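Tertiary structure, described
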Amino acid sequence: MADLSVEFAGLRLANPVFTASGTCGYADELAEFTDLNLLGGFITKSITVEPRTGNATPRIVETDSGMLNAIGLANVGLDRFVGEKLGALAQMKPAIFVNVAGPTIEDYVAVTERLAGEEAISGFELNISCPNVKKGGITFGTEPAAVEEITRAVKAACGQKVLMVKLTPMVTDIAATAGAAIEGGADALSLINTLTAMVVDVETRRPVLANRTGGLSGPAIKPVAVHLVNKVYNEVARDKGVPIMGLGGIRTASDAIEFVLAGATTVAVGTASFIDPRQSVKIVEGMRSYCERKGVGSISELVGALEG
Ligand SMILES: Cc1cc2nc3c(=O)[nH]c(=O)nc-3n(C[C@H](O)[C@H](O)[C@H](O)COP(=O)(O)O)c2cc1C
């Protein structure tokens, strides 16, 4: 049987497939539909110090081959996350990554510091790429100097845990922000977050989303994401030995393999889980079948193995 296990920033994972932040809550929401224990990892919804109700509705709209969301980091906040959600996550087999967000660097540090000692958590994903909040979010993720500063501050607070920095595609040169994250101490990079977009209702002549704009996700963004993963892999990550988590529009095992060939060691499944909450687990099996069909002994052999 093909070996799907991977080494990711010092963690040994059963397979490369994660859930993407914000699309599977805190895991308890999906528990009755699928066995998340079959995944390599699980990433929580972004956690902020204070609870957030998020943006006004409508905050989701479907598009051709995708969707826009302007949720605005709605979450239970740090205290309730620790009190109500962490216990169940601690029972799970996959590596648990907590996605961290906030309006200031101090907020990011506070969340990370509070959780750094929790055994249940393998790592943090730094969300410096959310397009749907007025303070924080993407504003930390577009300037290399700001990326480096926030990464360094959080790295100092996260103890032995893995620090993964989530990059936005909304920049001129993603290799520059990726390089800055590595300079600041990132152990891994995840890309991509959503692309800012708008849908207009021609009857009312208004943007459909109350927030006017939202983040585009789903199959529509996959070729962009594959390209950016490949660019970051070739231009910075491979030489520095920093692994990449690829995401953006993954719906099938073949999509996931595209990301691996482009340079991703792990992948995450987001929007596809809204169509079928079992999709991420199905992708694990599909990746195994692909390896067997192609005579690949270990999925790790395929990382960055693009021909030409
Ligand atoms: C409804 C929704 C909520 C999201 N919430 C978050 C979030 O809280 N934090 C974050 O870093 N990314 C968030 N994302 C972005 C996803 O994690 C992912 O980067 C993006 O959707 C691209 O992957 P996909 O096309 O597979 O969905 C969200 C995406 C969606 C669709």
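Going by the structure above, here's the rest.
The structure reproduced in this document is the subject of the present report. Bear in mind that the values here come from a model prediction, so they are computed numbers and not experimental data.

What counts as what
Residues numbered from 1 in each chain as written. Predicted model: local features only at pLDDT ≥ 70, side-chain atom pairs only at ≥ 80, totals over all residues. Heavy atoms only, no water. Helix = DSSP H or I, 4+ residues; strand = E, 2+ residues; numbered from the N terminus. Buried < 20%, exposed > 50% of the residue type's maximum accessible area, 1.4 Å probe, protein only. Contact = heavy atoms within 4.5 Å. Pairing = 2+ DSSP bridges. Axes fitted to C-alpha atoms, helices over the stretch in contact; angles between N-to-C directions. Near = heavy atom within 4 Å. Polar contact = N/O pair within 3.5 Å; in protein donor to acceptor, adjacent residues only side chain to side chain. Areas by Shrake-Rupley, 256 points an atom, 1.4 Å probe, with all protein chains shown as cover. 1 Å grid on protein atoms, 1.4 Å probe; cavity = no way out; pocket = protein on both sides within 12 Å on 5 of 7 lines; lining within 4 Å. Sits in = over half its atoms within 2 Å of the grid points. Points joined across faces, edges and corners; volume = space filled by probe spheres on them. Phe/Tyr/Trp six-rings, centres within 6.5 Å; stacked < 30°, edge-to-face > 60°. Salt bridge = Lys/Arg side-chain N within 4 Å of Asp/Glu carboxyl O.

The next thing to look at is the environment of M245. Checked against the element boundaries, M245 lands in strand β15 (residues 244-247). Using a relative accessible area of 0% as the deciding quantity, one classes M245 as buried. The sequence separation of M245 and F18 amounts to 227 residues, and the corresponding C-alpha distance is 8.9 Å. Not counting chain neighbours up to four residues away, the residues in contact with M245 comprise F8, F18, I43, M164, L189, S190, L191, A264, T266, V267 and A268.

Below, the discussion takes up the sheet that holds strand β11 (residues 195-197). Taken in spatial order, the four strands of this open sheet run β5-β6-β14-β11, and their pairing is antiparallel. Strands with a single pairing partner mark the edges of an open sheet, and in this sheet they are β5 (60-63) and β11. Strand-to-strand, the axes of this sheet are offset by a mean angle of 35 degrees, without reference to chain direction. Where strand β6 (residues 66-69) meets strand β14 (residues 214-217), three bridges bridge the pair, whose relative direction is antiparallel. Within β14, the residue paired with L68 across the bridge is L216.

Right, let's get into the environment of L216. One can find L216 in strand β14. With 21 residues separating them along the chain, L216 and L195 place their C-alpha atoms 5.0 Å apart. Beyond its immediate chain neighbours, meaning those up to four positions away, L216 contacts T63, M67, L68, T194, L195, A197 and I221.

This paragraph deals with the site of the ligand. Around the ligand lies a shell of 23 residues, among which S21, K166, G218, G249 and T271 are the nearest. Between the ligand and the protein, one listed contact pairs an oxygen atom with a side-chain N or O atom of K45 at 2.9 Å. Between the ligand and N127, the relevant distance is 3.1 Å, taken from an oxygen atom to a side-chain nitrogen or oxygen of the residue. Alone, the ligand offers 600 Å² of accessible surface; in the complex the protein occludes 97% of this. Taken atom by atom, the bulk of the ligand overlaps the largest pocket.

One number sums up the size of the largest pocket: a volume of about 810 Å³. As for the largest pocket, its lining consists of 45 residues, and the residues nearest its centre are T23, N69, S217, T271 and F274. At the level of elements, β5, β6, β16 (266-269) and α7 (272-275) are the ones that each hand at least two residues to the lining of the largest pocket. Looking at the second largest pocket, its volume works out to about 230 Å³. Lining the second largest pocket are 14 residues; nearest its centre among them are R52, N132, V133, K134 and K135.

Counted under the stated rule, the structure contains four aromatic pairs. An aromatic cluster is built from F8, F18 and F97, whose rings are joined through pairwise contacts.

Before going further, it helps to examine the pattern of salt bridges. Counted under the stated rule, the structure contains 13 salt bridges. The closest approach of N and O atoms between E235 and K231, which form a salt bridge, is 3.2 Å. Of this pair, E235 and K231 both sit in helix α5 (residues 222-240), four residues apart, which is roughly one turn of the helix. E285 is the salt-bridge partner of R288, the closest N and O atoms lying 3.5 Å from each other. A residue pair is termed a helical-turn pair when its members lie 3 or 4 positions apart in one helix, as R288 and E285 do in helix α8 (residues 279-294) at three residues. For R288, a relative accessible area of 17% corresponds to the buried category. Here the residues in one salt-bridge network are D173, K231 and E235, joined through shared partners.

As a further point, take unusual backbone geometry. T57 connects to P58 through a cis peptide bond whose omega is -5 degrees. Structurally, P58 can be placed in the loop between β4 (41-43) and β5. Even without a glycine there, the phi angle at A27 is positive, about 85 degrees. Classification of A27 by relative accessible area gives buried; the value is 5%.

Any link to function would need more than the numbers given here.
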